[in-house]
Amino acid sequence: MAPFAADPTSFLVEGTARYGDVWAIRPRVYVVAGSELTREVFRRTGKGFDVLEGAFAAPPVERRARQQVGGHSAMALVRGLRPAAVHEKTGMLAAEAAALATDWPLDQEVDVLPQVNRTISRMGAYYCFGPDAPALMHAEEELARLRIELTHRYLYLPSWVPSPSRMRVYRCQRRLAGRIREVIDQRLAEGRREQDLLAAAMQASQEDGMRPGNRIAYGLATLMVAAQEMPTRATGWLMMELARHPQWADRISAEAVSLPENPAETDSTHLARLRLTNAFVRETLRLHPPTWLISRSITAPTELGGFRLLPGDNILVSPYLLHHDRRYFADPDDFRPQRWLGPDNADHNPAYLPFGAGPQICRGAALATTEMILIAAMMAGRHRFSGHATTPYRLDAKGALTPAGLRLVCRQRA
């Protein structure tokens, strides 16, 4: 496993080229590549292929809530992240993206990820909690930090093992969920009906005949962390590519002129006009999928790609492998946003899976993509970028692909 530890992505690419689309990286751990087999793993998740809960399994109080409460509140959270729901919040997201561009320190080298993370966190808070967002702004930071600091030896322990790290996580989850419950209780006491994700979940819970409580609170606590983790990494890669490709940044800047002078007036119609920006974002997600490695455990005897798999075996699938596979993308290691434009664009390429697929697909895909498009348009529209042409990446055991130490200089456009 030393070669894997030294350069995981190259090791998997070379191993797949040598051994095919299913191969054992070590006993009872298999790499699965190829579009068809990868999609089969995603599609069968929950039916013989299960997600490893790891150290961030739901705390016992949430698991009990899941058993006691009907499904409407959970489905409300899912519906509230669909593209149509995200488009209704385009103005708010655009205003936050514009504020990022306005407040960005100029003419000095800036550590990109912290700047981006604060804005992504604000977007998530307003999306989830509307006018109550200030009470919960950046409340997920402690829990997000624990995810980064968590040591490998606790990552895949069974959910019933009371490890010290897991107990820290549970305490942090309880604190965050408690703050969300305070907002829920205040809304109930005041009889307020808002137009946000929390309101939709509360209404659905009441349709289940239950008082809104733990299930909503813990679900939104998890969502707050997820809504800033992946988009922050992806937007970091986006900013790096804007610096590396100034001609494309200029084209995006010209396209951004079509946006309203007041960012809050931006709607889905304006968003649809940002074709070049959308292509740039898609190519960023293809070349640098922020979740590069995804694992599944086998729970029932099955066969995949000619391999007989038994309970206890583990599967590794990688969007990075697919996105850098010459079978599916011409010149896969080159940054070419134009591949997403024109009649032969890659929009329906079955190997494009930055958000996964199947029942465990990332529910926040539309929100994350919209945030990235708006940030790219606002930042490129106001600034020129310079800095490192490339940046090292950091991989962790949870499958994250993060630009490490990314620092850029922004100068205001004429």
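Right above here is the structure, for reference.
Residues numbered from 1 in each chain as written. Predicted model: local features only at pLDDT ≥ 70, side-chain atom pairs only at ≥ 80, totals over all residues. Heavy atoms only, no water.

**Quick notes on the environment of G20**
The cut-off we apply is this: Counting from the N terminus, the helices are DSSP H or I runs at least four residues long and the strands are E runs at least two residues long.
Tracing the backbone shows G20 in the loop between α2 (8–19) and β1 (22–26). In sequence terms G20 and V31 are eleven residues apart; their C-alpha atoms lie 9.5 Å from each other.

**What about the side chain of T302?**
Rules: It only takes one pair of heavy atoms within 4.5 Å for two residues to be counted as in contact.
With respect to the helices and strands, the residue T302 is situated in strand β6 (residues 302–304). In this view, T302 contacts R44, F49, F307, R308 and L309; residues no more than four positions away in its chain are not counted.

**Notes on the side chain of E255**
Selection criterion: Type-normalised accessible area, obtained with a 1.4 Å probe on protein chains alone, sets the label of each residue: buried when under 20%, exposed when over 50%, and partly exposed for intermediate values. Positive: Lys, Arg. Negative: Asp, Glu. His and the chain ends are not part of the count. Take a side-chain nitrogen of Lys or Arg and a carboxyl oxygen of Asp or Glu: if they are within 4 Å of each other, that pair is a salt bridge. Under this definition, polar contacts are N or O atom pairs within 3.5 Å; protein pairs additionally need one hydrogen-donor-capable and one acceptor-capable atom, and for neighbouring residues in sequence, both atoms have to be side-chain atoms.
For E255, the position within the fold is in helix α14 (residues 246–256). Despite being buried, E255 has no salt bridge partner; R275 is the closest side chain of opposite charge, sitting 6.1 Å away. At a separation of 3.0 Å, a polar atom in the side chain of E255 contacts the main-chain amide nitrogen of R275. Residues contacting E255, with those up to four places away along its chain left out, are R273, L274, R275, L276 and T277.

**A look at the packing of helix α13 (residues 214–244) against α14**
How we decide: The angle between two axes is taken between their N-to-C directions and runs from 0 to 180 degrees, where each axis is a line fitted to C-alpha atoms and a helix contributes only its stretch in contact. For this classification, under 35 degrees means roughly parallel, over 145 means roughly antiparallel, 65 to 115 means roughly perpendicular, and everything else is oblique. Nonpolar residues are Ala, Val, Leu, Ile, Met, Phe, Trp, Tyr, Cys and Pro. Charged residues are Asp, Glu, Lys and Arg, and all others, Gly as well, are polar.
Remark: α13 packs on α14, axes separated minimally by 5 Å, with the N-to-C direction vectors making an angle of 105°. With respect to each other, α13 and α14 are oriented roughly perpendicular. Residues L242, A243 and R244 of α13 pack against P246, A249 and I252 of α14. Grouping the constituent residues of the contact of α13 with α14 by class yields five nonpolar, no polar and one charged.

**Regarding the pattern of salt bridges**
Under the counting rule described, the total for this entry stands at 21 salt bridges. In this structure, R187 and D132 form a salt bridge, with 2.7 Å as the shortest nitrogen-oxygen distance. Pair noted here: R187 is in helix α11 (residues 164–190) and D132 is in the loop between α8 (112–129) and α9 (133–136), with a separation of 55 residues, a long-range link. Residues R187 and D132 agree in their burial class; the two are buried. The salt bridge partner of R187 is D196, with a shortest N-O separation of 2.7 Å. Note on D196: relative accessible area 7%, which makes it buried. Through salt bridges that share partners, D132, R187, E190, R192, E194 and D196 make up one connected network.

**Regarding helix α10 (residues 141–149)**
Heads up, the condition is: The arc refers to the directions leading from the helix axis to the C-beta atoms.
All of the buried residues along α10 are L143, A144 and L146. Mapping the buried residues of α10 onto a view down its axis gives an arc of 155°, with all of them on the same face. Looking at the buried positions of α10, the neighbouring elements they touch are α11 and α13.

**Observations regarding unusual backbone geometry**
Residues other than glycine seldom take positive phi values, yet R28 does so here, at roughly 70°. With respect to the helices and strands, R28 occurs in the loop between β1 and β2 (29–32). When its relative accessible area of 42% is taken as the criterion, R28 is described as partly exposed. Its identity as a non-glycine residue notwithstanding, D331 has a phi of 45°, on the positive side. Assignment of secondary structure puts D331 in the loop between α17 (319–323) and α18 (365–382). We classify D331 as partly exposed; its relative accessible area is 39%.

**Points about the packing of aromatic side chains**
Each aromatic ring pair is summarised here by two numbers: the centre-to-centre distance and the angle between the ring planes. The test is simple: Aromatic pairs are defined between Phe, Tyr and Trp rings, using the six-membered ring for Trp, whenever the two ring centres lie within 6.5 Å; interplanar angles under 30 degrees are classed as stacked, those over 60 as edge-to-face, and all others as tilted.
Tallying each qualifying case throughout the model produces six aromatic pairs. Taking the centre distance of 5.6 Å and the plane angle of 70° together, the rings of Y30 and F307 count as edge-to-face. Of the two residues, Y30 sits in strand β2 while F307 sits in strand β7 (residues 307–309), which places them 277 residues apart along the sequence. With relative accessibility at 30%, the residue F307 sits in the partly exposed group. Between W248 and F280 the ring centres are 6.2 Å apart and the planes differ by 45°, which places this aromatic pair in the tilted class. With W248 in helix α14 and F280 in helix α16 (residues 275–287), this pair connects stretches of sequence that are 32 residues apart. An aromatic cluster is present here, built from F11, Y19 and W23 joined pairwise through their rings.

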